[in-house]
Amino acid sequence: MSIFFNRLRNIDRSSAGLAAMPVIFVMLWSTGFIGAKFGLPYAEPFTFLFIRFVLTLLLLVPLILIMRIPWPSSPRLWTHIAISGFLVHGAYLGGVFYGIYLGMPAGLAALLVGLQPLLTAAFAGPLLGEQLAWRQWVGLGLGLVGISLVLGSKLEIGESLFDGFGISALLSVTAALIGISLGTLYQKRYCTSMPLLSGAVIQYTAAGALLGLGALLFETRHVQWTGTFMLTLGWLVLVLSIAAILLLMALIKRGEASRVASLFYLVPPVTALQAWWLFDERLPLLGLVGMLVAIIGVVMVVRKPAYKAG
């Protein structure tokens, strides 16, 4: 009997841990926009991200060697992992950081890449054979409405979302949106057998090479090594590039791509809460309503339907 209850407690702990993974991921992922706001005044975007990936690799590679974690089993899988790294890390992060660097508000960047679930759901059918129920499509729509309410509530009367930046910033963040959407689907289809840590190293190496080339060709590569920049860099390396990305890959591996992508709907509202806490940016009632709508939409997409026995 005691063995039974011990197993039951272990199952409960495991279930609680699995249930907490999406919440933890959203909390960590949303800090990326805050980190961009803190760090970009001191380094150009591609240079900033290249340094971030180099430091991440310096931490991960020794850990893999010490723990004797296996590497991918075939050159073909290495290639697939590298391609997913170009998309999930190189295109996404490079596009978001460059768009913010060119003047796009972080909130608008969060809104645009928050459209990812719509693209992922649209492509998941033909590419992965996943089908969404009508309830999930309604949830996707609610999520988009919620994000729009949150960000629209922060605008002044007569102000445009597109004030202060040009078409280059818009194209950059659009490229980020396409990159993270296609990367999520690509990894789900071709990289499910990828070892998490060694696979992350391959992805970061591929993305770092892409961003390093961008820094070499298009930037001065000058960095102001202030305390704020180094603290921001440390947070992005340890929390975003290691903890949050490994959580994302684990979620992709254990769930449908469209359900995992729907978690990104929560990132803009959570980012707004963090901005309120860190920078005293307050949301009006309309913004709070938008947060609630977005959360309801995510629940509708993520929650699996109950099947009747028969």
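What you see is a predicted model; the values in this text were computed from it and never measured.

1. Concerning the overall build of the protein chain
Across its full length, the protein chain carries 13 helices and zero strands. Beginning at the N terminus, the succession of helices and strands in the protein chain can be written as α-α-α-α-α-α-α-α-α-α-α-α-α. A total of 310 residues make up the protein chain; the buried ones form 50% of that total. Considering only contacts in the protein chain between residues 6 or more positions apart, those separated by 24 or more positions represent 90%. Accessible surface for the protein chain amounts to roughly 15300 Å². Of this, 71% is attributable to carbon and sulfur atoms.

2. Considering the confidence of the model for the protein chain
Residues at a pLDDT of 70 or more form 76% of the protein chain, whose mean pLDDT is 79. Per-residue pLDDT stays below 50 along residues 306-310; that stretch engages in zero contacts with residues further than four places along the chain or on separate chains.

3. Focus on a nonpolar patch on the surface
A cluster of nonpolar residues, F38, L273, W276, W277 and L278, forms a patch on the protein surface that exposes about 550 Å² of accessible area. Broken down by element, the residue count for the nonpolar patch peaks at four residues, all from helix α12 (residues 267-279). Within the secondary structure, F38 sits in helix α2 (residues 31-39). F38 sits in the partly exposed class, given a relative accessible area of 31%.

4. Re the packing of helix α4 (residues 75-101) against helix α8 (residues 167-190)
Taken N-terminus to C-terminus, the directions of α4 and α8 make an angle of 155°; their axes are 7 Å apart at the nearest point. With respect to α8, the element α4 is oriented roughly antiparallel. As for how α4 packs across α8, the hand of that crossing is left-handed. Grouping the amino acids of the contact of α4 with α8 by side-chain chemistry returns 16 nonpolar, ten polar and no charged.

5. Some words on the packing of α4 against helix α9 (residues 196-218)
For the pair α4 and α9, interaxial distance at closest approach is 7 Å and the crossing angle is 55°. Judged on the interaxial angle alone, α9 and α4 are oblique. As for the relative orientation of α4 and α9, their crossing is right-handed in sense. Together, W78, I81, A82, S84, G85, F86, H89, G90 and G94 of α4 and G199, I202, Q203, Y204, A206, A207, L210 and L211 of α9 make up the contact between the two elements. Looking at the contact of α4 with α9 residue by residue, the classes come out as ten nonpolar, seven polar and no charged.

6. Thoughts on unusual backbone geometry
Across residues other than glycine, the phi torsion is negative in most instances, and most of the peptide bonds are trans. Here the phi dihedral of R68 falls at roughly 55°; this positive angle occurs in a residue that is not glycine. Position of R68 among the secondary structure elements: in the loop between α3 (45-67) and α4. Positioned with a positive phi, R221 is a non-glycine residue whose angle comes to about 65°. Checked against the element boundaries, R221 lands in the loop between α9 and α10 (227-254).

7. Considerations on the packing of aromatic side chains
Per the stated rule, a full pass over the model turns up eight aromatic pairs. Summarising the aromatic geometry, the rings of W225 and F229 are spaced 5.4 Å apart at their centres and angled 80° between planes, so their arrangement reads as edge-to-face. Here the aromatic residues F48, F97, W225 and F229 are joined through ring pairs into a cluster of three or more.

8. With respect to the side chain of T232
Within the fold, T232 resides in helix α10. Its relative accessible area of 8% is what places T232 among the buried residues. One polar contact links the side chain of T232 to the main-chain carbonyl oxygen of T228, over a distance of 2.8 Å. Contact partners of T232, with chain neighbours within four places excluded, come to G35, F38, G39 and F48.

9. Things to note about the environment of I69
Topologically, I69 is positioned in the loop between α3 and α4. Taking the C-alpha atoms as reference points, I69 and S198, 129 residues apart in sequence, are found 7.1 Å from one another. Once you skip the residues sitting within four places of it in the chain, I69 turns out to touch I64, L197 and S198.

10. Considerations on the nonpolar core
With 62 residues, the main nonpolar core has W29, F33, F48, Y92, V96 and F97 as its most contacted residues. With 14 residues, the top contributor of residues to this core is α10.

11. Some thoughts on the side chain of T31
For T31, the location among the structural elements is in helix α2. You can call T31 buried: its relative accessible area is 11%. Looking at T31, its side chain comes within polar contact range of the side chain of W235, at 3.0 Å. Discounting chain neighbours no more than four positions away, the residues touching T31 are W235, L240 and Q274.

Quick notes on the rules
- Every chain is numbered on its own, with residues counted from 1 as its sequence reads.
- Restriction of local features to residues with pLDDT of at least 70 applies here, the model being predicted, together with a cutoff of 80 or more for giving and counting side-chain atom pairs; totals for whole chains, interfaces and linings are based on all residues.
- Excluding hydrogens and water, the side-chain figures rest on all heavy atoms present in the structure.
- Going along the chain from the N terminus, every DSSP run of H or I of four or more residues is numbered as a helix, and every run of E of two or more is numbered as a strand.
- Residue exposure (1.4 Å probe, protein chains only): buried if accessible area is under 20% of the type maximum, exposed if over 50%, otherwise partly exposed.
- We call two residues contacting when some pair of their heavy atoms lies within 4.5 Å.
- In short, Shrake-Rupley with a 1.4 Å probe defines the accessible areas, and a residue's cover is counted only from the protein chains shown.
- Every residue carries a pLDDT, the predictor's confidence in it, which falls somewhere between 0 and 100.
- Put simply, a patch holds well-exposed residues, over 30% relative accessible area, that have no salt bridge, with like charges counted together within 9 Å and Val, Leu, Ile, Met, Phe, Trp or Tyr side chains within 5 Å.
- Salt bridge criterion: a side-chain nitrogen from Lys or Arg within 4 Å of a carboxyl oxygen from Asp or Glu.
- Axes, fitted as lines to C-alpha atoms, cover a helix only where it is in contact. Angles between the N-to-C directions of the axes lie from 0 to 180 degrees.
- Angles below 35 degrees are treated as roughly parallel, those above 145 as roughly antiparallel, those between 65 and 115 as roughly perpendicular, and all remaining angles as oblique.
- Each helix crossing is assigned a hand: it is left-handed if the near helix lies turned anticlockwise from the far helix by less than a right angle, otherwise right-handed if that turn is clockwise.
- Here the nonpolar group is Ala, Val, Leu, Ile, Met, Phe, Trp, Tyr, Cys and Pro; Asp, Glu, Lys and Arg are the charged ones; every other residue, Gly included, is treated as polar.
- The aromatic pairing rule takes the rings of Phe, Tyr and Trp, using the six-membered ring of Trp, and pairs them if the centres are within 6.5 Å, calling planes under 30 degrees apart stacked, those over 60 edge-to-face and the rest tilted.
- The term polar contact refers here to a pair of N or O atoms within 3.5 Å; inside protein, the definition further demands a hydrogen-donor-capable atom paired with an acceptor-capable atom, and it admits residues adjacent in sequence only when both atoms are side-chain atoms.
- We call a set of buried Ala, Val, Leu, Ile, Met, Phe, Trp, Tyr and Cys residues a nonpolar core when their side-chain atoms join them within 4.5 Å.

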